[in-house]
Amino acid sequence: MPAPGLVTGGAELVTVTVVKLVAGIDSSTQSTKVLLVNADDGAVVAEASAAHPEGTECPPDRWWEALTAAGRDLLERAEAVGAAAQQHGMVTVDDDGAAVRPAMLWNDVKSAPQAAALVTEFGGPAEWAARTGSVPTMSFTVTKLRWLAEREPANAARVRRVMLPHDWLTWRLAGGGSRAAGGDPSVEPVTDRGDASGTGYFSPVDSSWLPDYAERALGRPVALPRVAAPAEVVGRTSWGAAISAGTGDNMGAALGMSLAEGDVAVSIGTSGTAYAVTPVMSADPSGLVSGFADASGRFLPLACTLNAARVLDVTARMLGVDAAGLSDLALKAEAGAGGLVFLPYLDGERTPNRPSANGVLRGLTTSNATPENLARAAVEAVLCSLADAIDCLRPCGITPGRIVLTGGAAKSEAVRLIAPAVFGLPVVVPEAAEYVALGAARQAAWALAGTGEPPSWPARPSVTYEASAAPGVREQYGALRDDAAAWQEP
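Reading the values: the criteria
- Along each chain, residues carry numbers from 1 onward, in the same order as the chain's sequence is written.
- In keeping with the predicted nature of the model, local features appear solely for residues at pLDDT of at least 70, side-chain atom pairs appear and are counted solely at 80 or more, and the whole-chain, interface and lining totals rest on all residues.
- Computation of side-chain values covers all heavy atoms of the structure but excludes hydrogens and water.
- A helix here means a DSSP run of H or I that spans at least four residues, while a strand means a run of E at least two residues long, and both kinds are numbered starting from the N terminus.
- The size measure is the radius of gyration over C-alpha atoms, and the globule rule it meets is 2.2 Å times the number of residues to the 0.38 power.
- Accessible area is worked out with a 1.4 Å probe on protein chains only. A residue is then buried under 20% of its type maximum, exposed over 50%, and partly exposed in between.
- The criterion used for residue contact is that any of the two residues' heavy atoms lie within 4.5 Å.
- With residues, only the protein chains shown are counted as cover, and all accessible areas are computed by Shrake-Rupley using a 1.4 Å probe.
- None of His or the chain ends enter the tally, which takes Lys and Arg as positive and Asp and Glu as negative.
- Charged side chains are reduced to one point each, which is NZ for Lys, CZ for Arg, CG for Asp and CD for Glu.
- By the convention used here, strands pair only if DSSP detects at least 2 bridges between them.
- As used in this structure description, the phrase polar contact means that two N or O atoms lie within 3.5 Å; if the pair is within protein, one of them must be able to donate a hydrogen and the other to accept it, and residues adjacent in sequence are counted only when both atoms belong to side chains.

K.L.:
I'd like a rundown of the overall build of the protein, residues and numbers included.
P.N.:
Across its full length, the protein holds 15 helices and 26 strands. For the protein, the C-alpha radius of gyration of 23 Å lies close to 23 Å, the compact-globule estimate for 490 residues. Along the first, second and third principal axes, the C-alpha atoms of the protein reach 80 × 65 × 40 Å. Considering the protein as a whole, with its 490 residues, one finds that 58% of them fall into the buried category. Contacts in the protein between residues at least 24 apart in sequence constitute 72% of all its contacts with a sequence separation of at least 6. Within the structure as shown, the protein displays about 18,600 Å² of accessible surface, and the carbon and sulfur contribution to it stands at 52%. Charge-centre separation for the protein: the mean point of 37 positive side chains lies 3 Å from the mean point of 53 negative side chains.

So, in structure tokens, the structure goes:
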């Protein structure tokens, strides 16, 4: 595409401004979203989405079908493309590039026994934290490799390569894939250090694989993607667009929000996350903080909860209301929900590590058994769980100055108003946007520009919420959390 310039036509002088467009992809648990973005300022020109199948496993071809549907009429207008996707998923392919089995997703918890065994087998939590930045839980890819070796040995024997979801999508965009699907299995897959740091067989500080960890987990050697530099062009699409390295969803969101020092991002979506960008690697032997790398050459210590927005969805369904109705009910109750306390570990939990846990409701009486108090208890439970996650970051050298709140549940007025009282910090809610896809687009623009730092895009409009700390809310929540440990041990 030509650069901006002047075009003459007879006596007229016409200025032509050429807009470079880039595409950002967010392949999440639930859907694929595609944004077409102005490379110079991050303005969204067009967007589309397509749903994924539900569950904790998914054939990767379903992601490609969703990307094809969502990207129709958008992707081929882009000069560069970047893909961000859910972390930790295990995509295994054979010699012909075909998927060996459906991808195991981050929220698949059946490898919890393998996670515990690997931690012991490989030298204990401190050794894991020092080598990989994290102590693996059942979410991490390395635990899924061990599960595959133990539970599906015939499939394990067929595995030629293991990739993450964003690696696989980037590979397909570059022409990789099985011959049956029209791809070339000889195309070398590529990853980035951010998403790679969530596997459990990567060293964030050295930006290199630990292939012996992957081999010992699977029981034999396995090919791993090449690790690209943050701003590298790793290939070309069939229409000639540059392909950036891509990254994991949390790294993409951090890039999309341009997180600054003192910012802690809290996302309340399918999972809950609290993370910050820092120049120093973290290595938490407790396992509560994952010492990830980010998408820019820095680090992204992160604490994750399995139970987040779905807790609010389930509570709303129990009360027979929608999300707005739940918010209205919660705001009609007093802080502390009249002594009603909800532990929101409905589907097991990762922070704290209680894979077999379930939800607990404490303090129910005839006087506080109201829809309003139950709604309030649910909102406070999700926020208290995330406040615990924020606290986990502090020993890693993170001093939060403010919380940047995103995710689907950030649209709830009750969440926005109650959050600063629970967190004890100002809460900034940027305008609703697809920040993971925006981060992928910003990375694509960075690769296109070839500069030393990502392009500086204007900050999006935001609203800041402040409130006095709610007395007793975190204390009563913490008491229930600690008491429940007796019957919710890993």
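K.L.:
Go over the pairing of strand β20 (residues 290-293) with me, naming the residues and quoting the values.
P.N.:
The alternating pattern of β20 places S290 and F292 on one face and G291 and A293 on the opposite face, and all of these are buried. With four bridges joining them, β20 and strand β21 (residues 299-305) adopt antiparallel strand pairing. Among the inter-strand pairings, A293 is bridged to a residue of β21, identified as F299. Connecting β20 to the next strand, β21, in antiparallel fashion are five residues, including G297 with a positive phi near 105 degrees.

K.L.:
I'd like a rundown of the side chain of R146, residues and numbers included.
P.N.:
By the secondary structure assignment, R146 is in helix α4 (residues 141-151). By relative accessible area, R146 is classed as buried at 10%. Of note is the side chain of R146, whose polar atom sits 2.9 Å from the backbone oxygen of R216.

K.L.:
How would you summarise unusual backbone geometry if you had to cite specific residues and measurements?
P.N.:
Geometrically, the link from T351 to P352 is a cis peptide bond, its omega value of 5 degrees lying close to zero. Here P352 is to be found in the loop between β22 (341-343) and β23 (360-362). Phi is positive for D73, which is not a glycine, with a value near 70 degrees. With respect to the element layout, D73 can be found in the loop between α1 (60-71) and β7 (80-85). The phi dihedral of A337 falls on the positive side, at around 50 degrees, and the residue is not glycine. With respect to the element layout, A337 can be found in the loop between α11 (323-332) and β22.

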